[in-house]
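So you can see what is in the structure, the chains are spelled out below.
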Amino acid sequence: MDLRIFTEPQQGATYDTLLTVAKATEDLGFDAFFRSDHYLRMGAADGLPGPTDAWITLAGLARETKRIRLGTLMTAGTFRLPGVLAIQVAQVDQMSGGRVELGLGAGWFEEEHKAYGIPFPKEKMARLEEQLAIVTGLWAAEAGKTFDFHGTYYELTDSPALPKPAQRKVPVLIGGHGATRTPRLAARYAEEFNIPFGSIEDTERQFGRVRAAAVEAGRAADDLTYSNALVVCVGKDDREVARRAAAIGREVDELKTNGLAGSPAEVVDKISRYAAIGTQRIYLQVLDLDDLDHLELIATQVQSQLR
């Protein structure tokens, strides 16, 4: 089971804070550092000192880390034109020596679009499908040849399809709970399918849909990696669990129901139940980015039992 650290900087974090967490992620032996792609806080958090951009952050981290994978859950398709996004991701992949992964979603948080003057179109899923075709098509285009795309929402003519990523193929992540279109897009474009904050039962059902869609698309179902994103709150004892839950404004019982919470043994047991239904990787949503002792506890008492 791969464990990856997943952060939500829109809730309040500077680049320096993210760099500290990313370096701890690397030093403690986790597989990857991922971040969300949002420009506005959610809930009661103050969001100070303000948002940081996902791909600018990852560009900086690409030069200041050496081993960990770097990526987004999920880049909002509404934020960036697909040709520009292909350039950005390819450049950060080069800067990292080939350690980047692109999670790409349709975008959903209307308030952040209003707050920063970003258009929020109705046809988000149809646009996402064209975006996926363009980004992957630009990277895959043969060197020395141009790339064209003529869709409903985007037109590319005589693109040199440059720059190319350092990796032969940047892994693309697609995720969500949609019953039909999401599995179909994953089967066509993704190397990994992710379920955000889903129960074991919902996860098993959605993985089944994606596996079926992959076979229908002519792929082996096991070609994809299957993953979950789940909030994490681990403590050596009940008091420490309660303290960490309070620090992120959550209740212990709710976290145990909807995430990975409790003692290391409890969390290992729940991860094992996800593994039993096909989960191969978990993104641990860490909400208190100042609590590096939390990461160390997870590394030494949880991750060590899953290898």
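Right, let's talk about the overall build of the protein for a bit. Counting its regular elements, the protein contains 11 helices and 12 strands. Relative to a compact globule of 307 residues, whose C-alpha radius of gyration would be 19 Å, the protein shows 19 Å and is just as compact. For the protein, the C-alpha atoms occupy an extent of roughly 60 × 45 × 35 Å along the three principal directions. Taken across its 307 residues, the protein has 54% of its residues classed as buried. Put simply, of all contacts in the protein between residues at least 6 apart along the chain, 73% involve residues at least 24 apart. With the model as given, the accessible surface of the protein reaches about 13700 Å², and the carbon-plus-sulfur share is 50%. With 35 positive and 43 negative side-chain charges, the protein shows a spacing of 3 Å between the two charge centroids.

In this model, helix α10 (residues 264-276) (13 residues) spans 18 Å end to end at C-alpha, consistent with the 18 Å of a helix rising 1.5 Å per residue. Those residues of α10 not exposed but buried are Pro 264, Val 267, Val 268, Lys 270, Ile 271 and Tyr 274. One side of α10 holds all its buried residues, which, seen down the axis, span an arc of 165°. In this structure, α10 carries Ala 265 and Ala 276 as exposed residues pointing more than 90 degrees from its buried face. Positive phi appears at Gly 278, one or two residues downstream of α10, with a value of about 115°.

Let's shift gears to helix α8 (residues 238-247). All buried positions along α8 are accounted for by Glu 240, Val 241, Arg 244 and Ala 245. All buried residues of α8 lie within an arc of 135° about the axis, which places them on one face of the element. For α8, the exposed residues set more than 90 degrees away from the buried face come down to Asp 238, Arg 239, Ala 246 and Ala 247. Where α8 begins, the capping side chain belongs to Asp 237, and its oxygen is found 3.2 Å from the backbone nitrogen of Arg 239.

This part covers the nonpolar core. By size, the foremost hydrophobic cluster in this structure holds 77 residues, and its most contacted members are Trp 55, Leu 102, Trp 139, Leu 284 and Val 302. In terms of residue count, the dominant contributor to this core is helix α5 (residues 124-140) (7 residues). Dropping the residues within four chain positions of it, Leu 284 is found in contact with Leu 3, Arg 4, Ile 5, Phe 6, Phe 30, Leu 230, Val 232, Leu 260 and Ile 298.

The subject of this paragraph is the packing of helix α2 (residues 54-64) against helix α3 (residues 82-96). Running from amino to carboxyl end, α2 crosses α3 at an angle of 15°, the nearest separation of the two axes being 8 Å. If you check the angle between α2 and α3, you find them roughly parallel. The handedness of the crossing between α2 and α3 is left-handed. Between α2 and α3, the contacting residues are Trp 55, Leu 58, Ala 59, Ala 62 and Arg 63 on the first element and Leu 85, Val 89, Val 92, Met 95 and Ser 96 on the second. Broken down by class, the residue content of the contact of α2 with α3 amounts to 8 nonpolar, 1 polar and 1 charged.

Okay, the pairing of strand β7 (residues 155-159) next. By the bridge criterion, 3 bridges tie strand β6 (residues 147-150) to β7 in an arrangement that is antiparallel. Residue pairing for β7: Phe 147 is matched across the bridge by Ser 159. In this antiparallel pair of consecutive strands, β6 and β7, the connection spans 4 residues.

What follows concerns the pattern of salt bridges. One pass over the full model with this rule turns up 24 salt bridges. A salt bridge links Arg 181 to Glu 129, with the nearest nitrogen and oxygen atoms 3.7 Å apart. Placement of Arg 181 in helix α6 (residues 181-189) and of Glu 129 in helix α5 is noted, with a sequence separation of 52 residues between them. Of the residues examined, Glu 129 reaches a relative accessible area of 15% and is grouped as buried. Of the charged contacts, one joins Arg 273 and Asp 269 as a salt bridge, the two residues approaching to 3.5 Å between their closest N and O atoms. Within this pair, Arg 273 and its partner Asp 269 are both found in helix α10, separated by 4 residues, close to a single helical turn. According to the relative accessible area criterion, Arg 273 is partly exposed, its value standing at 43%.

In terms of burial, strand β10 (residues 225-234) is a largely internal element, 9 of the 10 residues being buried. Two elements, strand β9 (residues 192-196) and β10, share 5 bridges in a ladder whose sense is parallel. Across the sheet, Pro 196 pairs through a bridge with Ala 229, a residue of β10. Read as a crossover between parallel neighbours, the route from β9 over helix α7 (residues 200-216) to β10 is right-handed.

Scoring rules and cut-offs
- Residues numbered from 1 in each chain as written.
- Predicted model: local features only at pLDDT ≥ 70, side-chain atom pairs only at ≥ 80, totals over all residues.
- Heavy atoms only, no water.
- Helix = DSSP H or I, 4+ residues; strand = E, 2+ residues; numbered from the N terminus.
- Rg over C-alpha atoms; globule rule 2.2 N^0.38 Å.
- Buried < 20%, exposed > 50% of the residue type's maximum accessible area, 1.4 Å probe, protein only.
- Contact = heavy atoms within 4.5 Å.
- Areas by Shrake-Rupley, 256 points an atom, 1.4 Å probe, with all protein chains shown as cover.
- Lys, Arg positive; Asp, Glu negative; His and termini not counted.
- Charge placed at Lys NZ, Arg CZ, Asp CG, Glu CD.
- Expected span 1.5 Å × (residues − 1).
- Arc of directions from axis to C-beta.
- Polar contact = N/O pair within 3.5 Å; in protein donor to acceptor, adjacent residues only side chain to side chain.
- Core = buried A, V, L, I, M, F, W, Y, C linked by side-chain atoms within 4.5 Å.
- Axes fitted to C-alpha atoms, helices over the stretch in contact; angles between N-to-C directions.
- Parallel < 35°, antiparallel > 145°, perpendicular 65-115°, else oblique.
- Left-handed = near helix turned anticlockwise from the far one by under 90°.
- Nonpolar A, V, L, I, M, F, W, Y, C, P; charged D, E, K, R; others polar.
- Pairing = 2+ DSSP bridges.
- Salt bridge = Lys/Arg side-chain N within 4 Å of Asp/Glu carboxyl O.
- Right-handed = clockwise from strand over helix to strand, strands pointing away.

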